[in-house]
Amino acid sequence: MKLVLAVIQDADATALIRVLSENAFEVTKLASTGGFLREGNTTLMIGVSDERMEDLKRFVRQTCRTRSRLVAPSVPMGEQNEGLVSDPVEVPVGGAVMFVMGVQEFVKV
């Protein structure tokens, strides 16, 4: 048995939860904030048997896509050059980060 913490973009949360629920995965949704953009995201807690781990990874890959965003670069105050204008930079966001942990015991009451 594994516990998976999947950190995904808010934009993908509803679709992924629906796909997982339709395929008999039990999911708990947590609101979270993180990453270098400091934006809201969603963390899903998913209990999964070892045999179904590959199915879970496939559903996450199919549902959580990477996007590009334009972000204004932030320069620390001591490194700013007067007269320079920083253009936005295109960065990839999205996809998913999955933390997979072994579970010694799972109790459903």
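An unreviewed UniProt entry lists the protein under the name Transcriptional regulator, from Deinococcus aerolatus.

Novice: Help me understand the overall build of the protein in this model?
Specialist: From N to C terminus, the protein includes 2 helices and 6 strands. Expressed as a percentage of its 109 residues, the buried residues of the protein come to 25%. Partitioning the contacts of the protein with sequence separation of at least 6, the portion at a separation of at least 24 is 70%. As displayed, the protein offers around 7700 Å² of accessible surface, 53% of which is attributable to carbon and sulfur atoms.

Novice: Looking at this model, I keep getting lost on the pattern of salt bridges. Mind explaining?
Specialist: Opposite charge on two side chains allows them to pair when their charged atoms are near. Evaluated as defined, the whole model comprises 4 salt bridges. For the salt bridge of Asp50 with Lys2, the shortest nitrogen-to-oxygen distance reads 3.6 Å. Of this pair, Asp50 sits in the loop between β3 (39-48) and α2 (53-63) while Lys2 sits in strand β1 (residues 2-9); the two residues are 48 residues apart in sequence, bridging distant segments of the chain. For the salt bridge of Arg58 with Asp55, the shortest nitrogen-to-oxygen distance reads 3.0 Å. Pair noted here: Arg58 and Asp55 are both in helix α2, with a separation of 3 residues, about one helical turn. Its relative accessible area of 27% is what places Asp55 among the partly exposed residues.

Novice: How should I be thinking about the confidence of the model for the protein in this particular structure?
Specialist: Atomic detail in the predicted coordinates should be set aside for any region of low pLDDT. In the predicted model, the protein carries a mean pLDDT of 84, and the fraction of residues at 70 or more is 81%. Averaged pLDDT values over the elements of the protein bottom out at 71 in strand β5 (residues 89-94) and peak at 97 in α2.

Novice: Looking at this structure, I do not really get the side chain of Thr43. What am I missing?
Specialist: Positionally, Thr43 belongs in strand β3. A polar atom in the side chain of Thr43 sits 2.8 Å from the side chain of Ser32. Setting aside chain neighbours within four positions, we find Thr43 in contact with Leu5, Ala6, Val7, Thr28, Lys29, Leu30 and Ser32.

Novice: Which parts of the structure should I look at to understand the nonpolar core?
Specialist: As a rule of thumb, nonpolar side chains are buried together in soluble globular proteins. Val4, Leu16, Leu20, Phe25, Leu44, Ile46 and Leu56 are the most contacted members of the largest nonpolar core, which has 16 residues in total. Those elements giving two or more residues to this core turn out to be β1, α1 (10-22), β3 and α2. Excluding residues that lie within four positions of it along the chain, Leu20 makes contacts with Phe25, Val27, Leu44, Ile46, Leu56 and Phe59.

Novice: What am I meant to see in α2 here?
Specialist: The α-helix advances 3.6 residues per turn, and as a result positions three or four apart in sequence lie on the same side. Those residues of α2 not exposed but buried are Met53, Leu56, Phe59, Val60 and Thr63. One side of α2 carries all its buried residues, which in axial view fall inside an arc of 125°. Away from its buried face, by an angle of more than 90 degrees, α2 presents the exposed residues Glu54, Arg61 and Gln62.

Novice: Can you help me understand a nonpolar patch on the surface in this one?
Specialist: Taken together, Val97, Phe99 and Met101 make up a surface patch of nonpolar side chains, about 260 Å² in accessible area. As for its position among the elements, Phe99 is in strand β6 (residues 96-102).

Parameters at a glance
What you see as residue numbers is a count from 1 along each chain, following the sequence as written. Two thresholds apply to this predicted model, a pLDDT of at least 70 for residue-level local features and 80 or more for giving and counting side-chain atom pairs, whereas whole-chain, interface and lining totals are computed over all residues. As a rule here, side-chain values come from all non-hydrogen atoms in the structure, and water together with hydrogens is ignored. Secondary structure is summarised from DSSP: a helix means a run of H or I of at least four residues, a strand means a run of E of at least two, and numbering begins at the N terminus for each. Exposure classes here rest on a 1.4 Å probe applied to the protein chains alone. A residue is buried below 20% of its type maximum, exposed above 50%, and partly exposed in between. Note on contacts: a residue pair qualifies if any of its non-hydrogen atoms lie within 4.5 Å across the two residues. Shrake-Rupley sampling with a 1.4 Å probe provides the accessible areas, and residues are treated as covered by the protein chains on show and by no other component. We count a salt bridge whenever a side-chain nitrogen from Lys or Arg sits within 4 Å of a carboxyl oxygen from Asp or Glu. The pLDDT score gives, residue by residue, the confidence of the prediction method on a 0 to 100 scale. Here a polar contact is recorded for every N or O atom pair within 3.5 Å, except that within protein the pair must consist of a potential hydrogen donor and a potential acceptor, and residues adjacent in sequence are included only if both atoms are side-chain atoms. What makes a nonpolar core is a set of buried Ala, Val, Leu, Ile, Met, Phe, Trp, Tyr and Cys residues whose side-chain atoms join them at distances within 4.5 Å. This arc describes the spread of directions from the helix axis toward the C-beta atoms. To count toward a patch, a residue needs a relative accessible area above 30% and no salt bridge. Like charges then connect within 9 Å, nonpolar side chains (Val, Leu, Ile, Met, Phe, Trp, Tyr) within 5 Å.

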